[in-house]
Amino acid sequence: MRYRDNDLGHARLGLAISKRVSRRAVERNRIKRLLRESFRRVRHQLPAVDMMVMAREQAAGVAGPQLLAELDGLWKKLQAGHAATSRPLKPAGDTRTIER
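Throughout, a residue's number is its position along its own chain's written sequence, starting from 1. Two thresholds apply to this predicted model, a pLDDT of at least 70 for residue-level local features and 80 or more for giving and counting side-chain atom pairs, whereas whole-chain, interface and lining totals are computed over all residues. Where side-chain values are given, they derive from all heavy atoms of the structure, hydrogens and water being excluded.

J.: Could you clarify how one ought to interpret the nonpolar core in this entry?
T.: Proteins that are soluble and globular tend to have nonpolar side chains buried together. The nonpolar core is taken to be a set of buried Ala, Val, Leu, Ile, Met, Phe, Trp, Tyr and Cys residues, with the residues joined through side-chain atoms within 4.5 Å. For every residue, the accessible area (1.4 Å probe, protein chains only) is compared with the maximum for its type, and the residue is labelled buried under 20%, exposed over 50%, or partly exposed between those bounds. By size, the foremost hydrophobic cluster in this structure holds 22 residues, and its most contacted members are Ile 31, Leu 46, Met 51 and Trp 75. Elements represented by at least two residues in this core include exactly α1 (25–42), β3 (49–54) and α2 (64–83). Looking at this core element by element, the count peaks at six residues for α2. Runs of E in the DSSP output that reach at least two residues are strands. Runs of H or I that reach at least four are helices, and both are numbered from the N terminus.

J.: Would you mind showing me how to read α1 here?
T.: Think of an α-helix as 3.6 residues a turn; residues three or four steps apart then line up on the same face. To estimate how far a helix should reach, multiply one less than its number of residues by 1.5 Å. The terminal C-alpha atoms of α1 lie 26 Å apart, and with 18 residues this matches the ideal 26 Å at 1.5 Å per residue to within 8%. Turning to α1, its buried residues number three or more, namely Arg 28, Ile 31, Leu 34, Leu 35, Ser 38, Phe 39 and Val 42. Seen end-on, α1 carries its buried residues on one side only, within an arc spanning 130 degrees. This arc describes the spread of directions from the helix axis toward the C-beta atoms.

J.: What is the right way to look at the side chain of Asp 50 in this model?
T.: Among the structural elements, Asp 50 can be located in strand β3. Overall, the relative accessible area of 18% leaves Asp 50 in the buried class. Two N or O atoms form a polar contact when they lie within 3.5 Å of each other; inside protein one atom must be a possible hydrogen donor and the other a possible acceptor, and for residues adjacent in sequence the pair counts only when both atoms belong to side chains. Here the side chain of Asp 50 touches Asn 6 through a polar contact of 2.8 Å, side chain to side chain. Only 2.8 Å separates the side chain of Asp 50 from the side chain of Arg 12, close enough to count as a polar contact.

J.: How should I be thinking about the pattern of salt bridges in this particular structure?
T.: Side chains that differ in sign of charge can pair as their charged atoms come close. When a carboxyl oxygen of Asp or Glu is within 4 Å of a side-chain nitrogen of Lys or Arg, the pair counts as a salt bridge. Applying the stated criterion across every chain yields a total of four salt bridges. The salt bridge involving Glu 27 is made with Arg 24; its shortest N-O contact spans 3.3 Å. Arg 41 serves as the salt-bridge partner of Glu 37, at 3.5 Å between the closest nitrogen and oxygen. Separated by four residues within a single helix, Glu 37 and Arg 41 lie in helix α1, roughly one turn from each other. Judged by its relative accessible area of 32%, Glu 37 is partly exposed. When salt bridges with common partners are traced through the structure, they connect Glu 37, Arg 40 and Arg 41 into a single cluster.

Now the structure itself:
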């Protein structure tokens, strides 16, 4: 996941799930659905950032509940990183990455 601050006052999500993750569109769409659902659950708790989530090849083989649990961990890392700093998450123009 890569992120950067925005001035909108709320979090936004972007997805990049390529054919490298899975040749089957059904599997790629399942990952997208799970990502969107996880984001909907926590978006009101997240800082005002634009996020780009890029799935890895291993994501296609992960069960739904396990993938949701890993995403919850990423959201908590993002919240903790933002709460720990009194200044903005990053300097202007900088993009940060969170990995599991």
